[in-house]
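The primary structure of each chain is shown beneath.
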Amino acid sequence: MNPRVLMIAAAVAAPVLVVLAVSLGRNPHEIRTPMVGRSAPAFSLPDVDTGEEVTLASLRGRPVVVNFWATWCFPCLEEHKTLVAGARALGDEVQFVGVVYDDRQRAVRDFLRQRGQAYPSLLDEDGQVAIAYGVYGVPETFFVNPEGVIAAKYTGMLTPERLVDGVRRAIGRNAP
Amino acid sequence: MIPVRFRRAPGVDTRFAMCGAWLTLTALLTVPTTGVDAQVRVARVDVESVVGVPAGARLAGDALSVRTKAVASRLRCPVCQGLSVWDSPAAMAVNMKNEVQALLAEGYLDRQVLEYFEHSYGEFVRLAPRATGIGVLVWSLPMVMLVGGVIIVFRMHVRRPSVIPAGANVAIDPGLEAYLPAVRELAYGKEEPGSSSATSPGGRQR
């Protein structure tokens with residue numbers, strides 16, 4: 001074959017192969033976010049139970065697990081057990097906060113009464129905080145380090161392993 | 001069945017009640033029915049820390065409605081397939097549309113609103129990528145490939161004549177010469193008597 005034709009074919013095929021190689025190496029379920037490594041957006045939201053405003057700034061000084069969830073989200077029901085158990089086990093060292101997205105206060109209160117509660121749940125009625133965090137859907141969980149920087153984010157149902165991994169990242173201990 | 005009766009509240013004068021009803025009706029009728037108005041909302045996040053203070057004028061009414069549509073049409077709905085925030089009925093898109101409207105009402109410029117969403121979601125949230133950095137390739141590559149293709153086709157056309165000129169001396173492989181009459185007969189039909197086995201009159205198609 002003509003060497004020039006071969007060179008042109010290689011020049012066209014090479015970028016396509018590079019893109020394919022990079023894309024195939026990625027986790028198809030992973031939603032990339034620019035928020036990891038940035039300061040966690042400050043927010044002020046009302047507590048579902050008390051109605052009192054809770055700010056992220058008031059929780060700084062220790063790692064914070066910010067979990068976006070809703071009562072109508074099935075994976076959220078499943079991960080609730082993990083989060084409650086985690087909050088009870090790590091309550092002194094790690095602060096857990098639930099941000100309820102696109103939901104009604106009454107439904108949230110009923111849910112928490114039936115399924116237990118170990119940390120404050122805050123109502124994000126119009127999704128302002130979810131947008132500030134770049135949330136695609138629920139459940140999504142952000143792990144904020146004591147300096148207020150987002151150390152990790154998990155999309156989808158949080159398993160105990162993922163929770164431990166996220167907390168490790170937030171406290172700066174990546175090795176198991 | 002117990003009849004339902006409306007009872008007048010004790011101590012309330014009829015004329016006073018009618019006056020109140022009239023004022024309420026007047027107020028309802030004077031509320032503009034077209035356009036989008038700035039809604040009173042409690043700011044839950046600190047937008048200024050991301051894109052600075054609002055650099056434009058506060059918007060309301062039809063101007064706000066037009067600008068909301070323009071900006072929301074440039075944002076991608078994160079949970080949809082190729083739909084803009086303006087076009088999508090998804091709850092996330094509706095929230096984003098409301099956020100766009102609220103920010104424009106507060107005086108943020110289109111650029112600031114787009115940057116705010118890009119800060120959270122990355123450049124993915126822009127339906128049309130920026131023409132800077134790696135995004136330049138998205139805009140320039142199709143044009144470069146089109147121009148390159150035209151040049152290649154043009155050069156191939158100029159270099160390769162489609163017809164062998166009449167009288168050209170075409171060498172024939174002696175080993176294949178015996179098959180030439182049969183091929184010619186298949187291609188052009190029964191060979192005419194007296195035709196040469198070397199070249200056909202007027203040349204041949206390649």
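Just above sits the structure.
Quick caveat, the model's predicted, so the values are computed rather than measured.

**Student:** Sorry if this is basic, but what is going on with the sheet that holds strand S6 (residues 140–144) of chain A here?
**Tutor:** To summarise the sheet geometry, strands pair through backbone hydrogen bonds and adopt either a parallel or an antiparallel arrangement. Residues and elements named next belong to chain A. Taken in spatial order, the five strands of this open sheet run S5-S4-S3-S6-S7, and their pairing is mixed. In this open sheet, the two edge strands, each paired with only one partner strand, are strand S5 (121–124) and strand S7 (150–155). Each adjacent strand pair in this sheet contributes to an overall mean axis angle of 20°, direction not counted. Along the sheet face, helix H5 (residues 160–170) touches strand S3 (64–69), S6 and S7 and points at about 165° away from the line of S7.

**Student:** How should the pairing of strand S4 (residues 95–101) of chain A be read in this particular structure?
**Tutor:** Side chains on a regular strand alternate between the two faces of the sheet. Residues and elements named next belong to chain A. Burial analysis of S4 places seven of its seven residues in the buried class, the great majority of the element. Along S4, one buried face is formed by Gln 95, Val 97, Val 99 and Tyr 101 and the opposite face, lined by Phe 96, Gly 98 and Val 100, is buried too. Examined bridge by bridge, S3 and S4 share six bridges and lie parallel to one another. By the bridge assignment, Trp 69 is partnered in S4 with Val 100. The parallel pair S3 and S4, bridged by helix H2 (residues 74–90), forms a crossover whose chirality is right-handed. In the sheet, S4 pairs with S5 via four bridges, with the strands oriented parallel. Across the sheet, the residue bridging to Tyr 101 is Asp 124, located in S5. Crossover S4 to S5 through helix H3 (residues 105–115) is right-handed.

**Student:** Is there a simple way to think about the nonpolar core in this case?
**Tutor:** As a rule of thumb, soluble globular proteins bury nonpolar side chains together. By size, the foremost hydrophobic cluster in this structure holds 65 residues, and its most contacted members are Val99(A), Val100(A), Tyr101(A) and Val144(A). When residues of this core are assigned to their parent elements, the largest contribution, eight residues, is made by helix H4 (residues 91–105) of chain B. Other than its neighbours up to four places away in sequence, Val144(A) contacts Ala40(A), Pro63(A), Val64(A), Val66(A), Val149(A), Ile150(A), Ala151(A) and Ala170(A).

**Student:** Which parts of the structure should I look at to understand the interface of chain B and chain A?
**Tutor:** When the parts come together, some accessible area is lost, and that loss is often what is quoted as the size of the interface. Chain B puts 15 residues into the contact, and the matching count from chain A is 20 residues. Residue assignment for the side of chain B that touches chain A shows that the elements contributing at least two residues are H4 and helix H5 (110–121) of chain B. Per element, the largest residue contribution to the side of chain B that touches chain A is six residues, and it comes from H4(B). Along the lines of polarity and charge, the residues of the side of chain B that touches chain A split into seven nonpolar, four polar and four charged.

Rules used throughout
Residues numbered from 1 in each chain as written. Chains lettered and ligands numbered in written order. Predicted model: local features only at pLDDT ≥ 70, side-chain atom pairs only at ≥ 80, totals over all residues. Pairing = 2+ DSSP bridges. Helix = DSSP H or I, 4+ residues; strand = E, 2+ residues; numbered from the N terminus. Axes fitted to C-alpha atoms, helices over the stretch in contact; angles between N-to-C directions. Contact = placed C-beta atoms within 7 Å. Buried ≥ 20, exposed ≤ 12 C-beta atoms within 10 Å, placed from the backbone. Right-handed = clockwise from strand over helix to strand, strands pointing away. Core = buried A, V, L, I, M, F, W, Y, C linked by C-beta atoms within 7 Å. Nonpolar A, V, L, I, M, F, W, Y, C, P; charged D, E, K, R; others polar.

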